[in-house]
Amino acid sequence: MWWNELVDNPGPFSASDLPIFDGEVYHLNLTPNELAPDIIIVGDPNRVTEIAHEFLDWPHYSAYRHNRGLRTITGIVKDTGQNVSLVTSGMGTSSLEIVLGELEVLNEIDFQTRTRRAQFETINIIRVGTSGALQRDTKLGTPLIADYLIGLDNTGLFYDVPAPEGASQLEDRLKQVIDGATPLDRRFRGKIFPYVARADERITALMEEAAKELRIEYKKGMTVSNSGFFANQGRAISRVRPTVPDIDLVLANFDTGIEGIRIENMEMEGSFLAHFMAGLGYRAGIICPGIANRGEETFDRDYHRNVRDATAIALRAISQMRKINGYTTKTPQQSL
């Protein structure tokens, strides 16, 4: 049923809805042939170049673009020979929504006719980010692989994606806990509506396998995506009081109801990535080293090595995902 709804949106799309200049999408400045179907997405544009220098066959890139702070490099992975794109998401789900929307366009839309192609490739995306660990027993730098993701942003609420199994009950319980932690005199008490998404189970499993093969210690659990960095994540820095005091501690102690699964970390993009990609029938995974421990109030300034480990895990997993599924094109009617 979900795929039939997508088929009902074939275009053509107007210039105001879909700006295209010289064959390039508006924000990323990419043409369709410059995007690989396997993508590592990161927040920091400098991380794109760092990963490219470390893991790609430099300087033989098939694309190198930088616009509006969004850098994209497409090239070949040294060890596997796989063609991948490294793409900047920016900070937060509002920026990510623009980037993912344009990745969908690049993969699915014929720029000449402004209509959706009859066939297009399945996209695999893994977010390699950084995050704050919520559990005191998490060693700084540990790669944290997301299973379920909790969106405390509202970007996902504008896309009507079916809930994964068990998500509705989890959303209700999260809202009750957050409302209960909000003082009665707060203006926005009761107006925060969490949504729950889930990373692709196959990619998650492949990242676990990759971490074990590379002998990198990791954790798997729930990840919270916040709409900001300070009060949104429990950092009481501003003179403006927070709506939910100590929200990091509230979520760290939340009982997920799933054996062996805790809320492990907080970041700012994963929820919408998993939510939106699932709606399209694409595959998404999220791995974010915990470079701060919120309970211990510590921060690892030398976190680049942890991002490198997480990237190695992600690249190995995404390579295995492509080997399993190949490059057969799909139509919107087909289940991915």
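Residues numbered from 1 in each chain as written. Predicted model: local features only at pLDDT ≥ 70, side-chain atom pairs only at ≥ 80, totals over all residues. Heavy atoms only, no water.

Draft legend 1. Structural context of the overall build of the chain. Broken down by element type, the chain carries eight helices and 16 strands. Here the chain has a C-alpha radius of gyration of 20 Å; the compact-globule value for 336 residues is 20 Å, and the two agree. Reported as C-alpha extents along the three principal axes, the dimensions of the chain are approximately 55 × 45 × 40 Å. Buried positions account for 55% of the 336 residues belonging to the chain. Considering only contacts in the chain between residues 6 or more positions apart, those separated by 24 or more positions represent 79%. As displayed, the chain offers around 15700 Å² of accessible surface, 49% of which is attributable to carbon and sulfur atoms. (Helix = DSSP H or I, 4+ residues; strand = E, 2+ residues; numbered from the N terminus. Rg over C-alpha atoms; globule rule 2.2 N^0.38 Å. Buried < 20%, exposed > 50% of the residue type's maximum accessible area, 1.4 Å probe, protein only. Contact = heavy atoms within 4.5 Å. Areas by Shrake-Rupley, 256 points an atom, 1.4 Å probe, with all protein chains shown as cover.)

Draft legend 2. Structural context of the packing of aromatic side chains. Tallying each qualifying case throughout the model produces seven aromatic pairs. Between phenylalanine 272 and phenylalanine 276, the ring centres sit 5.3 Å apart and the planes meet at 15 degrees, which makes this aromatic pair stacked. Taken as a pair, phenylalanine 272 and phenylalanine 276 lie in helix H7 (residues 270-280) at a separation of four residues, close to a single helical turn. Classification of phenylalanine 272 as buried rests on a relative accessible area of 0%. (Phe/Tyr/Trp six-rings, centres within 6.5 Å; stacked < 30°, edge-to-face > 60°.)

Draft legend 3. Structural detail: the environment of serine 89. Looking at where serine 89 falls in the secondary structure, it is placed in the loop between strand S6 (83-88) and helix H3 (93-108). With 184 residues separating them along the chain, serine 89 and leucine 273 place their C-alpha atoms 10.0 Å apart. Contacts of serine 89, omitting those with residues within four sequence positions, involve Ile41, Val42, Gly43, Leu70, Ser95, Leu96, Val99 and Glu269.

Draft legend 4. Representation of the side chain of asparagine 107 in the model. Mapped onto the secondary structure, asparagine 107 falls in helix H3. Reaching out from asparagine 107, the side chain makes a polar contact with the side chain of tyrosine 282 at a distance of 2.8 Å. When residues no more than four places from it in sequence are discounted, the contact partners of asparagine 107 are Arg117, Phe120, Glu121, Ile123 and Tyr282. (Polar contact = N/O pair within 3.5 Å; in protein donor to acceptor, adjacent residues only side chain to side chain.)

Draft legend 5. Structural detail: the pattern of salt bridges. Applying the stated criterion to the full structure yields 24 salt bridges. Between arginine 262 and glutamate 264 there is a salt bridge, with its nearest N and O atoms 3.5 Å apart. When its relative accessible area of 30% is taken as the criterion, arginine 262 is described as partly exposed. (Salt bridge = Lys/Arg side-chain N within 4 Å of Asp/Glu carboxyl O.)

Draft legend 6. Spatial organisation of the nonpolar core. Among the nonpolar cores identified, the biggest contains 37 residues, and Leu28, Leu100, Leu103, Ile125, Leu273 and Met277 are the most heavily contacted of them. For this core, the secondary structure elements donating two or more residues are strand S3 (38-42), H3, strand S11 (143-151), strand S12 (195-198), H7 and strand S15 (283-293). What leucine 273 contacts, discounting residues up to four positions off in sequence, is Ile41, Leu96, Leu100, Ile125, Arg127, Ala284, Gly285 and Ile286. Counting residues in each nonpolar core, the second largest holds 33 residues, with Phe55, Leu56, Ile145 and Ile291 among its members. (Core = buried A, V, L, I, M, F, W, Y, C linked by side-chain atoms within 4.5 Å.)

Draft legend 7. The pairing of strand S13 (residues 219-225), seen in detail. Burial runs high along S13: six of the seven residues are buried. Here S11 pairs with S13 via six bridges, running parallel. Counted as the bridge partner of leucine 144 is lysine 219 from S13. Across four bridges, the pairing between S13 and strand S14 (residues 263-267) is parallel. Bridge pairing links threonine 223 to asparagine 265 in S14. With helix H6 (residues 247-252) bridging S13 and its parallel neighbour S14, the resulting β-α-β unit is right-handed. (Pairing = 2+ DSSP bridges. Right-handed = clockwise from strand over helix to strand, strands pointing away.)

Draft legend 8. Expanded view of the packing of H3 against H7. Where H3 contacts H7, the two axes come as close as 10 Å, and the packing angle between them is 25 degrees. When the axis of H3 is compared with that of H7, the two are roughly parallel. The chirality of how H3 crosses H7 is right-handed. Residues Thr93, Leu96, Glu97, Leu100, Gly101 and Glu104 of H3 lie in contact with H7, whose contacting residues are Ser271, Phe272, Leu273, Phe276, Met277 and Leu280. The residue inventory of the contact of H3 with H7, partitioned by class, reads seven nonpolar, three polar and two charged. (Axes fitted to C-alpha atoms, helices over the stretch in contact; angles between N-to-C directions. Parallel < 35°, antiparallel > 145°, perpendicular 65-115°, else oblique. Left-handed = near helix turned anticlockwise from the far one by under 90°. Nonpolar A, V, L, I, M, F, W, Y, C, P; charged D, E, K, R; others polar.)

Draft legend 9. Main features of H3. Between its terminal C-alpha atoms H3 stretches 22 Å, which fits the 22 Å expected from 16 residues at 1.5 Å a residue. Among the 16 residues in H3, 12 count as buried, and that is most of the element. Every buried residue of H3 is listed here: Thr93, Ser95, Leu96, Val99, Leu100, Glu102, Leu103, Glu104, Val105, Leu106, Asn107 and Glu108. (Expected span 1.5 Å × (residues − 1).)

Draft legend 10. Inspection of a nonpolar patch on the surface at higher detail. Side chains of Leu157, Phe158 and Phe193 sit close together on the surface and give an oily, nonpolar patch of about 370 Å² of accessible area. Summarising the element assignment, phenylalanine 193 is placed in the loop between helix H4 (167-180) and S12. A relative accessible area of 47% places phenylalanine 193 in the partly exposed class. (Patch = residues over 30% accessible without salt bridge, like charges linked within 9 Å, V, L, I, M, F, W, Y side chains within 5 Å.)

What is shown is where atoms sit, not what they do.
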